[in-house]
Amino acid sequence: MGYGGSKHGLSAVFNGVILCKVHTKMACILTFAALLIPLAYMITIHFYLRYKSTLGQQFFICGNTPALGNNQLANAVALHYLNDEFWMATVDVPVDTPAFAYYYVLRNKDGVDNMELCADRTIDPAAVKQQELQVVDAWNYAGQLENAFYTQPFTNTLLKPPMAKAKPKLPKNITHVFKVKAPLLQPHQTLCLLGSNAELGAWQTETAVLMQRQGNWHTVALDLSQASFPVWYKYGVWNTQTNGFERYEDGANRKLHGIGKRQLTILHDGFAGLPNTGFKGAGVAIPVFSLRTARSFGVGEFTDLKLLVDWSKHIGLKLIQLLPVNDTTSTNTWLDSYPYAPISVFALHPLYLNVYHMAGKKHGKLLVDLDLQKEDLNALPEIDYELVMKTKWRAIADLYEAMKVDWLADPQYQLFFEANKHWLQPYAAFCYLRQKNKTADFKAWSSHSTYQAKLIEKLFAPTAKTFDLVNIHLFVQYHLHLQLKDAVDYAHQNGLIMKGDLPIGIYRYSCDAWVQPDLYNLNAQAGAPPDNFAVKGQNWGFPTYNWKQMQADGFAWWKQRFEQMSLYFDAFRIDHILGFFRIWSIPLHAVEGLLGHFEPAIPVYSSEFNERGIWFDKNRYCLPYITNGLVGELFGTQANHVKDFFLVPNAWGNYDLKPEFDTQRKVEAWFAAHPEAESWMPARLFELITNVILIEDEDRPNAFHFRIGMDGTSSFAALDAHVQQQLKTLYVDYYFKRQDGFWRKQALQKLPALKAATNMLVCGEDLGMVPDCVPGVMKDLGLLTLEIQRMPKDPKSPFFHPADAPYLSVVTPSTHDMSTIRGWWEEDQTVTQKFYNQQLGQHGGAPFYCEDWINKAIITQHVYSPAMWSIFQLQDLMGIDAKLRRSDPNDERINVPANPKHFWRYRMHISLEDLLQTEGFNGTLRGLLEASGRA
């Protein structure tokens, strides 16, 4: 059976699914034949992948069907090398196989796989009545710019394709289906096809073959049964308003071989060769808690986002970026204001619930007594976290009692519950048990310290005393979901997308750790090595991930997490993406980040010291080197007291710490129990403890890690010059050479699978001590980088200029972890003077204060950057208006990373209603965005 000429052959191609009409008699013959020859019900598919490979490369095809490995790479089908142009594989699939998607995997010589991450090629075998199908595909490099435009923010909002027109008229006999993608066409444009034979217009532009958008692809079906092969062709742009040809695609002519005239050939030609950097957008970044409206409850709420959307649309922004919005309630104090310590990566924070909106007119009278307190809280310049939470929960309790019967019977709630039960019930139980036991540390609970689903289920029984105590948390989560979803839908309706924030870790005493402790290394703490913002490093306190265990179940937890995020966000920022390559792992006994090391990492072994002519003295390198002079330098007049109380002399004429003070946690605990002691002393004792050169590996014998900044310690300074030089060489090798390939493989075991699990646009925060392999991996995966003017990635440059940004990037002058433009300007006059002359091109002395024109000049540099996105903190945008901005720039800062107990309480100093009315400011911003092509 073939496709040539038969009236019973292929009659339609629609949305990538092949539809056929088969004569009734023929269908009966096939049915009877199936009883005798089962292979008659098999379809043979020949896959041809166009790729010029190099020696040592191998290709596989994988898909969500048994014949292609059920998306398990270990079971994927290997392609074989056909010639310099193609790789090829043939598979047989039963005709009743459900429609499936597939993708290719390139295995490199070093064993590292490069996956296609956009599986939008589909085949429906059940609709194919012939026995052979040939598919010619172009390799879709994940790092190709155009792939970004097929992610959720673009396909759903920013570049939403027009409604499909009427089905195209198809030829009676179809031999070839051409498919190609062109994401940046204007509404009045479509693609067309021209080629060397009559069926393709014989290169006459007035007779070009028009294509139609179907899903991601522009498609046309043709009868080339009479064509002479090879056929040469190109895609072009057709103007549907003028009904005329505009231009050819760039690049050489494409070539089509005559593989078989009696078989259908589908060509997935990748992307048309058209300009691919035409889209540029701008956005505003602000935490939800920082929003201020006339109706706020002393804190920003999800319902306030609508006014932010109105203002953003008014000035031409396309994106709103938020900090994490997950529940962080652990201590019931202001310490819970830290948004990067979620007790559940699924649950939303009750802080953002608008209780008035939840109550509605029907139950509004229950909240009358709150009106005055609400006004008082909303008048505060900053957030009173504890009072806001306490007041809201009091209102929530009243509303729950009044609304619970109708709420439980609501079909929409029941659907929400069933869809989210896997995290909702554990979360609600965790919250109840946290309150009951007055701690989130589940190991200290009197019962249920180990999660058991069957026991937790009993808490939700209608007859259980705990029924209301757990269900109130389900009640809150449902209404949070409704309010956030409503705000997000409003943003989309107004042409804006929402960008979220994915914290790198989870809180140690969280529901996630309680339910699945095997997914985390609870005996370690995640953090970051020292940098200009935190000279002692950062200790976030989170457990590190057990990646081996996560990979074992196909990253199920991550996939659930992304699915939940995609309900509300179109794009997200991966907080500390370097953690997917390696994480800074700190022992539990440490308070600061200095005693951490990268995990995983290739250690240095004691034998390497011997090979370099260094006597390996474990005690000398691994124990704190405490001399009489160091004690005197750090403690001054208190030196003798310190030596008597905290230290003990050792056999080498120096000192060791007493066992009760030999870790930072022990020191911290002692001083916490003795508040009368000198408050400055713990930090100095911490310095003694960190005065080491090596940190012993706990899992491997004779293996060690260099303490970060080893060459700046007095322990190192006391060594002779030869030993110092050899140690420096090893140190450089350890941190900057031996790990790079290893860390690349680590990242490629995680990031491709995680990116493939979501269609959100993924942006990485690639700041800090960045390994050399990171830029290449991010480029290969099409992940957007973060570029900050005052944090250049080139160590030889004092600044990064936004004009040098790659297209797949986000440029910003500051983040929530930094001072704003104005605050930074006043921090170091030497630095700002250099910036003033070099980056702004100004002569003479720099003003001490960041005048409004300077702030505007910096914003202008960013909006004219070639980067896809320019995103600004709201404070930085208001900085261009001397009348609008705050008088003290230090009041604009959101977080200070060096302070692990920072109170996150910044709020806008004017309301969004007033901001919408500041026409001079808004007009200036809109003018900037329009002139730069970002509005």
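Model, not experiment: these values are computed from the prediction.

**Describing the overall build of the chain**
Then, number 1: Of regular secondary structure, the chain possesses 29 helices and 39 strands.
Then, number 2: When its C-alpha atoms are laid out on the principal axes, the chain stretches across 100 × 80 × 75 Å.
Then, number 3: Buried positions account for 56% of the 935 residues belonging to the chain.
Then, number 4: Surface summary for the chain: the accessible area is close to 39500 Å², and the carbon and sulfur share equals 54%.
Then, number 5: Positive and negative side-chain charges of the chain, numbering 87 and 93 respectively, have mean locations separated by a distance of 6 Å.

**With respect to helix α5 (residues 371-379)**
Then, number 1: The set of residues buried in α5 consists of Lys374, Leu377 and Asn378. Each buried residue of α5 lies within a common arc of 95° when the element is viewed along its axis, so the set occupies one face. Turned more than 90 degrees off the buried face of α5, the exposed positions are Leu372, Glu375, Asp376 and Ala379.
Then, number 2: The secondary structure elements touched by the buried residues of α5 are α4 (355-363) and α6 (385-409).

**Let's talk about the side chain of Asp512**
Then, number 1: Looking at the element boundaries, Asp512 is found in helix α10 (residues 511-515).
Then, number 2: For the buried Asp512, no salt bridge exists, and the shortest N-O distance to an oppositely charged side chain is 7.3 Å, to Arg561.
Then, number 3: When residues no more than four places from it in sequence are discounted, the contact partners of Asp512 are Ile343, Ser344, Val345, Phe346, Ile506, Pro517, Tyr520 and Trp557.

**Thoughts on the pairing of strand β39 (residues 869-873)**
Then, number 1: For β39, the buried fraction is high: five of the five residues fall into the buried class.
Then, number 2: Because side chains alternate across β39, one face comprises the buried residues Trp869, Ile871 and Gln873, and the other comprises Ser870 and Phe872, equally buried.
Then, number 3: Alignment of strand β21 (residues 281-285) against β39, held across five bridges, turns out to be parallel. Among the inter-strand pairings, Gly281 is bridged to a residue of β39, identified as Trp869.
Then, number 4: With two bridges joining them, strand β38 (residues 809-812) and β39 adopt parallel strand pairing.

**With respect to the confidence of the model for the chain**
Then, number 1: Averaged over the chain, the pLDDT score is 93; the fraction of residues at 70 or greater is 95%.
Then, number 2: For the stretch residues 1-40, pLDDT sits under 50, and the model shows 70 contacts to residues farther than four places along the chain or on other chains.

**Regarding a negative patch on the surface**
Then, number 1: Together, Asp369, Asp371, Glu375 and Asp376 give the surface a local cluster of negative charge.
Then, number 2: In this fold, Asp371 is placed in helix α5.

**Examining the sheet that holds strand β3 (residues 42-50)**
Then, number 1: Strand order across the open sheet formed by eight strands is β6-β7-β3-β11-β20-β12-β16-β15, with mixed pairing between neighbours. The open sheet has two free edges, formed respectively by β6 (80-81) and β15 (212-214), since each of these has just one partner strand.
Then, number 2: By the bridge criterion, five bridges tie strand β11 (residues 132-138) to strand β20 (residues 264-271) in an arrangement that is parallel. The residue of β20 that forms the bridge with Val136 is Leu267.

**Quick word on the pairing of strand β16 (residues 217-222)**
One face of the sheet, then the other: side chains in a regular strand alternate in exactly this way.
Then, number 1: The buried fraction of β16 amounts to six of the six residues, a majority that puts the element mostly inside the structure.
Then, number 2: Neither face of β16 is open: one carries Trp217, Thr219 and Ala221, the other His218, Val220 and Leu222, and all of them are buried.
Then, number 3: Two strands pair when backbone bridges link them, and strand β12 (residues 176-181) and β16 are joined in this way by five bridges, in the antiparallel orientation. Directly across from Val180, in β16, lies its bridge partner His218.
Then, number 4: Bridge count for β15 against β16 is three bridges, and the pairing is antiparallel. Looking at β16, one finds that Gln214 is bridged to Trp217.
Then, number 5: What sits between the antiparallel neighbours β15 and β16 is a turn of two residues, in which Gly215 has the positive phi angle 65°.

**Some remarks on helix α7 (residues 411-437)**
Then, number 1: Between its terminal C-alpha atoms α7 stretches only 34 Å, short of the 39 Å expected from 27 residues at 1.5 Å a residue.
Then, number 2: At Lys421, α7 shows its largest kink, close to 90°.
Then, number 3: Two or three places before Gln412, at the start of α7, stands the capping residue Asp410, its side-chain oxygen 2.9 Å from that residue's backbone nitrogen.
Then, number 4: Backbone geometry just downstream of α7 places Lys438 in the positive-phi region, at approximately 60°.

**What about the sheet that holds strand β35 (residues 703-706)?**
Then, number 1: Judged by pairing direction, the sheet is antiparallel, and its three strands sit side by side in the order β31-β35-β34 without closing on themselves. Since the sheet does not close on itself, it has two edges, and those belong to β31 (604-605) and β34 (694-696), each with one partner.
Then, number 2: Here β34 runs beside β35; their pairing, made up of three bridges, is antiparallel. Note that in β35 the partner of Leu694 across the bridge is Phe706.

**With respect to the packing of aromatic side chains**
Aromatic rings in a pair are described by how distant their centres are and how their planes are angled relative to each other.
Then, number 1: Summed over all chains, the structure comprises 82 aromatic pairs.
Then, number 2: With a centroid separation of 6.3 Å and 35° between ring planes, the pair formed by Trp540 and Phe542 is classed as tilted.
Then, number 3: With relative accessibility at 17%, the residue Trp540 sits in the buried group.
Then, number 4: Judged by its relative accessible area of 2%, Phe542 falls in the buried class.
Then, number 5: Here Phe646 and Phe671 contribute two aromatic rings whose centre-to-centre distance is 6.0 Å and whose plane-to-plane angle is 10°, an arrangement assigned as stacked. Of this pair, Phe646 sits in the loop between α16 (639-645) and β32 (647-649) while Phe671 sits in helix α17 (residues 664-673), placing them 25 residues apart in sequence. Each member of the pair, Phe646 as well as Phe671, carries the same accessibility label: buried.

**Looking at unusual backbone geometry**
Then, number 1: The omega torsion of the bond from Phe229 to Pro230 falls at 5°, within 30 degrees of zero and hence cis.
Then, number 2: If you trace the backbone, Pro230 turns up in the loop between β16 and β17 (231-239).
Then, number 3: Cis geometry marks the peptide bond from Glu599 to Pro600; its omega dihedral reads 0°.
Then, number 4: Phi at His576 takes a positive value of approximately 55°, unusual for a residue other than glycine.
Then, number 5: Looking at where His576 falls in the secondary structure, it is placed in the loop between β28 (571-574) and β29 (583-587).
Then, number 6: The class for His576 is buried, based on a relative accessible area of 8%.

Thresholds applied
- Residues numbered from 1 in each chain as written.
- Predicted model: local features only at pLDDT ≥ 70, side-chain atom pairs only at ≥ 80, totals over all residues.
- Heavy atoms only, no water.
- Helix = DSSP H or I, 4+ residues; strand = E, 2+ residues; numbered from the N terminus.
- Buried < 20%, exposed > 50% of the residue type's maximum accessible area, 1.4 Å probe, protein only.
- Areas by Shrake-Rupley, 256 points an atom, 1.4 Å probe, with all protein chains shown as cover.
- Lys, Arg positive; Asp, Glu negative; His and termini not counted.
- Charge placed at Lys NZ, Arg CZ, Asp CG, Glu CD.
- Arc of directions from axis to C-beta.
- Contact = heavy atoms within 4.5 Å.
- Salt bridge = Lys/Arg side-chain N within 4 Å of Asp/Glu carboxyl O.
- Pairing = 2+ DSSP bridges.
- pLDDT = per-residue confidence, 0-100.
- Patch = residues over 30% accessible without salt bridge, like charges linked within 9 Å, V, L, I, M, F, W, Y side chains within 5 Å.
- Expected span 1.5 Å × (residues − 1).
- Bend = angle between axes of the 7 residues up to and from the residue.
- Polar contact = N/O pair within 3.5 Å; in protein donor to acceptor, adjacent residues only side chain to side chain.
- Phe/Tyr/Trp six-rings, centres within 6.5 Å; stacked < 30°, edge-to-face > 60°.

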